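Structural features, examined
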Amino acid sequence: MYNEEQVIFQVVTDLRSVFPHVICVDDGSTDRSAAKAMDAGAMVLRHAVNIGQGAALSTGFSWVQSQSQFSYVVTFDADGQHRPEDALRLVTELVSKQVDVVFASRFLDQDQATIPLAKRLVLKTVAKITKSLTDVELSDAHNGLRALTVDATRQVNLTQNGMAHATQFVSLVLQANLKYVEIPVTILYTPYSRSKGQSLLNSINIALDLIWG
Amino acid sequence: MLIVRFLLVILFVPAFIVIARSLGSRSRALRSLLLFSFPSLVGFSIIFPRIWQTMADTLGIDKGVDLLLYVTVLTLVTYIGYSFGKFRYLEKRIATLVQELTLLRGSESKDS
């Protein structure tokens, strides 16, 4: 999370009604995000400065690997665009299908009219870039909602610190021969989550990050 | 003379990319040479204005001014590329340090 003090309390509270353990990686927030997440019952890992969402995920994975009591991890955006019940469905799918990773997609079921046009354009472009680089057919490669086993996190060593981590994540899943499925979820588009989303220009940054390495 | 220009691009551009991207001591020395030779070349150009035309004639390029332009652009692009690469390298090192520090500090909660 990065500067999410407006929504993080509610996001963590909702998640805690479904999952007993919620870990927030505070990516150098300058507001009271960390305190509010803790007030809602989350455990918080703090980055001293802002280094990017990919790095935050990587820190979270490393921390989970160092704890013995966890078997599964769900990655969940802090801006309130995901639904806890979808996160739970991802874990159920992970266990029942016995796969290593479950990806979430807003393009399988959700009414497309509810997804802003610019967002659709960006995400479809990024999905095409991801497909051309990884050869994995995912309809929504940059969806922040994913579930994976802790063993799988050991094989997904993210080095992309920025938003390009999502494409790298798919690539690493493929390289490690991890079993995966994609299931439909619903994304909640609020004025807040829209303001926090990726811009069209950011897809250029993602492409350049992937090219430069 | 198009073939000569084409060969120059084929030979020099990849060499400059390698110099720009590499962070090793040899590439650093080459970059320093490039940087320091640039003012020397400027001085040479003032004292011997025909030198660029002579070099251009040797390389089969029409005008000395064109050669000067190619050298200037290549030098600039090399330094921009190098600065970009170095910045990314440092950014990754900072990220690693921040992550290590976070993991050493451990998690915080309301009860801690």
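Quick caveat, the model's predicted, so the values are computed rather than measured.

1. Details of the pattern of salt bridges
Residue and element names in this part refer to chain A. Following the criterion strictly, the structure yields seven salt bridges over all chains and no others. The residue arginine 83 makes a salt bridge to glutamate 85 at a minimum N-O spacing of 3.8 Å. With relative accessibility at 23%, the residue arginine 83 sits in the partly exposed group. By relative accessible area, which is 44% here, glutamate 85 ends up partly exposed. The shortest N-O distance in the salt bridge between aspartate 86 and arginine 89 comes to 3.1 Å. In this pair, aspartate 86 and arginine 89 are both assigned in helix 4 (residues 84–96), three residues apart and thus about one turn of the helix distant. Here aspartate 86 falls in the buried class, since its relative accessible area comes to 0%. According to the relative accessible area criterion, arginine 89 is partly exposed, its value standing at 36%. Through salt bridges with shared partners, a single ionic network connects Arg83, Glu85, Asp86 and Arg89.

2. Examining the nonpolar core
All names here are of chain A. Within the largest apolar cluster, 34 residues are counted, with the highest numbers of intra-cluster contacts made by Val12, Cys24, Ala37 and Leu90. Those elements that provide at least two residues to this core are helix 1 (8–16), helix 2 (33–39), helix 4 and strand 4 (101–105). Excluding residues within four positions of it along the chain, leucine 90 makes contact with Val102, Ala104, Leu145, Arg146, Ala147, Ile183 and Val185. Core analysis: the next-biggest nonpolar cluster, separate from the first, contains 24 residues, Leu45, Trp63, Leu148 and Val150 among them.

3. What to know about the confidence of the model for chain B
Mean pLDDT over chain B works out to 81, with 79% of the residues at or above the 70 mark. Interface confidence for the predicted complex, given as ipTM, is 0.84, next to a pTM of 0.80.

4. Focus: the side chain of asparagine 143 of chain A
Residue and element names in this part refer to chain A. Mapped onto the secondary structure, asparagine 143 falls in the loop between helix 5 (117–134) and strand 5 (146–149). Asparagine 143 gets classed as buried once you look at its relative accessible area, which sits at 1%. Of note is the side chain of asparagine 143, whose polar atom sits 3.0 Å from the backbone nitrogen of leucine 145. Once residues lying within four places of it in the same chain are set aside, the contact partners of asparagine 143 are His82, Ala104, Ser105, Arg106, Val185 and Ile187.

5. A few points about the packing of helix 3 (residues 51–59) of chain B against helix 4 (residues 64–105) of chain B
Residues and elements named next belong to chain B. Put simply, helix 3 and helix 4 touch, their axes get as near as 7 Å, and they point 90 degrees apart. When the axes of helix 3 and helix 4 are compared, the pair comes out roughly perpendicular. Residues Trp52, Gln53, Met55, Ala56 and Leu59 of helix 3 lie in contact with helix 4, whose contacting residues are Gly64, Leu67, Leu68 and Val71.

The rules behind each value
- Each residue is numbered by its place in its chain's sequence as written, counting from 1.
- Chains and ligands are labelled sequentially in the order written, the chains with letters from A and the ligands with numbers from 1.
- With the structure being a predicted model, the display of local features is reserved for residues of pLDDT at least 70 and the display and counting of side-chain atom pairs for 80 or more, all residues being used for whole-chain, interface and lining totals.
- Each side-chain value is worked out from all heavy atoms of the structure, with water and hydrogens disregarded.
- The rule for a salt bridge is simple: a side-chain nitrogen of Lys or Arg has to be within 4 Å of a carboxyl oxygen of Asp or Glu.
- Categorising residues by exposure relies on relative accessible area from a 1.4 Å probe, with only protein chains included: less than 20% of the type maximum marks a residue as buried, more than 50% marks it as exposed, and the intermediate range marks it as partly exposed.
- Helix and strand assignments follow DSSP, with helices taken as H or I runs no shorter than four residues and strands as E runs no shorter than two, numbered in order from the N terminus.
- Take the buried residues of types Ala, Val, Leu, Ile, Met, Phe, Trp, Tyr and Cys, join any two whose side-chain atoms come within 4.5 Å, and each joined set is a nonpolar core.
- Contacts are assigned to residue pairs with any non-hydrogen atoms lying within 4.5 Å of each other.
- For every residue, the predictor reports its confidence as pLDDT, a number between 0 and 100.
- Any N or O atom pair separated by 3.5 Å or less is treated as a polar contact, with the protein-specific requirement of one donor-capable and one acceptor-capable atom, and with residues adjacent in sequence counted only for side-chain atom pairs.
- All axes here are fitted lines through C-alpha atoms, helices being fitted over the stretch that makes contact, and every angle between N-to-C directions spans 0 to 180 degrees.
- Note that the term roughly parallel is reserved for angles under 35 degrees, roughly antiparallel for angles over 145, roughly perpendicular for angles of 65 to 115, and oblique for everything else.

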